[in-house]
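Commentary on secondary and tertiary structure
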Amino acid sequence: MDDEPLIRHALGTILSTDERILLVNSLNNGKDALEFCEKNEIDVVIMDLQMPVMDGVTATEHIKKLPHSPAVLAITAFSADDYLVPVLLAGASGYLVKDSEPDEIVDAVISVHQGTAAISPSVSNDLIGAVKQAYNPVSQREHLAKELALTARELEILDLLAKGLNNPEISRKLGVAETTIKTHMAKIFVKLDVRDRVQVLVEAARIGLINLNR
C-alpha cells in the first residue's frame, strides 16, 4: 500500500519476479488497505507509512486486530524515524527502506509470511536506540519475570538480545547449542505473546524487562 503510483508499480514488478508471491491488489491509502483486509483473506501487507486518509501505523494497528490478520511489512523512505517503534508496536513484523535491493524485498515478504522478522540492515542498528528513546523501562524486572514465568536463562537471553546479539552469538556467549537458544526464544515468544525477535525486543523494553540504559 503506497500513495505513490510509481512506487506501487515498482514493488509490483519486483514481487512478480518470484513465483511464490501473488500480488492481489495495490492501494493508495491506509483506509483502503484496512477495508480490503476486512473483506479478503491475504497473507502479507506491504505497508507504506506516510499516506493520506489513514497513515500506515494506524492502518497496521487496525489490520492486526482483525481475525486471522495478515503479516505486515512496513516500508518507508527513511532508515530510522519516528515511525519505527510505533509501527512495530502496532504489530508489523518487518521494516524496510524503499531503496532495499529487490532480493531483500522478496526475502522480507517471504520471511514475515513465515513468522520471522525482516529488518533492513540500515534500520537494525537503529532499532535498540529507537526503543531506548521511546521508553523508560521500570525497575520491576523480577516481579515481571515471575509474573510471566520467565526463567533466569530466558532473562539472560533477553539481555543479550537487547545488546544486539543474534542466536549464534548468544549460543557462543552462553556456551550452549544454538538449538537450545532457539528453544528458549520460542518459549519467550509465547510468554510475551509475540511472533518474532523484533517484537520481543520492543515488548520487553515496553514493559521494563530489558534495561537498555545500563
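All residue numbers refer to positions counted from 1 along the written sequence of the respective chain. Predicted model: local features are reported for residues with pLDDT of at least 70 only, side-chain atom pairs are reported and counted for 80 or more only, and whole-chain, interface and lining totals are derived from all residues. To get the side-chain values, take all heavy atoms of the structure and skip hydrogens and water.

Let's talk about helix α8 (residues 152-162)
Think of an α-helix as 3.6 residues a turn; residues three or four steps apart then line up on the same face. We apply this condition: Classification of residues uses two cut-offs on accessible area relative to the type maximum, computed with a 1.4 Å probe and protein chains only: under 20% is buried, over 50% is exposed, and between them is partly exposed. Secondary structure elements follow DSSP: runs of H or I of four or more residues count as helices, runs of E of two or more count as strands, with numbering from the N terminus.
Within α8, 8 of the 11 residues are buried, leaving the element largely enclosed by the surrounding structure. Of the residues making up α8, those classed as buried are Glu154, Leu155, Ile157, Leu158, Asp159, Leu160, Leu161 and Ala162. Count one or two residues on from α8 and you reach glycine 164, which has phi positive near 95 degrees.

Brief notes about the nonpolar core
One recurring pattern in soluble globular proteins is that nonpolar side chains are buried together. Here is the rule we go by: Buried residues of nine kinds, namely Ala, Val, Leu, Ile, Met, Phe, Trp, Tyr and Cys, make up a nonpolar core once their side-chain atoms join them within 4.5 Å.
One finds Met47, Ile63, Val87 and Tyr95 to be the most contacted residues of the largest nonpolar core, which totals 27 residues. At the level of secondary structure, the elements contributing two or more residues to this core comprise α2 (30-39), β1 (44-48), α3 (56-63), β2 (71-76), α4 (84-90), β3 (94-97) and α11 (197-207). Membership of the second largest hydrophobic core comes to 24 residues, among which are Leu150, Ala162, Leu165 and Ile188.

Points about the packing of α8 against α11
The following threshold applies: Each axis is a line fitted through C-alpha atoms, and for a helix only the stretch in contact is used; angles between axes span 0 to 180 degrees, taken between their N-to-C directions. Throughout, the term roughly parallel applies to angles under 35 degrees, roughly antiparallel to angles over 145, roughly perpendicular to angles from 65 to 115, and oblique to all others. Here, two residues are considered to be in contact whenever any of their heavy atoms come within 4.5 Å of each other. Residue classes follow a fixed rule: Ala, Val, Leu, Ile, Met, Phe, Trp, Tyr, Cys and Pro count as nonpolar, while Asp, Glu, Lys and Arg count as charged, and any other residue, Gly among them, counts as polar.
Direction vectors running N to C along α8 and α11 enclose 100 degrees, while the axes themselves pass 10 Å from each other. Considered as vectors, α8 and α11 are oriented roughly perpendicular to each other. Here Leu158, Leu161 and Ala162 of α8 lie close against α11, whose contacting residues are Arg197, Val200, Leu201 and Ala204. Among the residues forming the contact of α8 with α11, the class breakdown is 6 nonpolar, no polar and 1 charged.

What to know about the pattern of salt bridges
Basically, it comes down to this: Each salt bridge in this description consists of a side-chain nitrogen of Lys or Arg and a carboxyl oxygen of Asp or Glu lying within 4 Å of one another.
Summed over all chains, the structure comprises 6 salt bridges. Here glutamate 35 makes a salt bridge to lysine 31, at a shortest N to O gap of 2.6 Å. Placement of both glutamate 35 and lysine 31 in helix α2 is noted, with a separation of 4 residues, approximately one turn of the helix. Exposure remark for glutamate 35: the relative accessible area of 30% places this residue in the partly exposed category. When the shortest N-O distance is used, the salt bridge between lysine 191 and glutamate 154 registers 2.9 Å. Taken together, the residues span a long stretch of sequence, with lysine 191 in helix α10 (residues 178-192) and glutamate 154 in helix α8 at a distance of 37 residues. Owing to a relative accessible area of 2%, glutamate 154 belongs among the buried residues under this scheme.

What to know about the environment of serine 111
With respect to the helices and strands, serine 111 occurs in helix α5 (residues 102-113). Placed 18 residues apart in sequence, serine 111 and serine 93 show a C-alpha to C-alpha distance of 9.0 Å.

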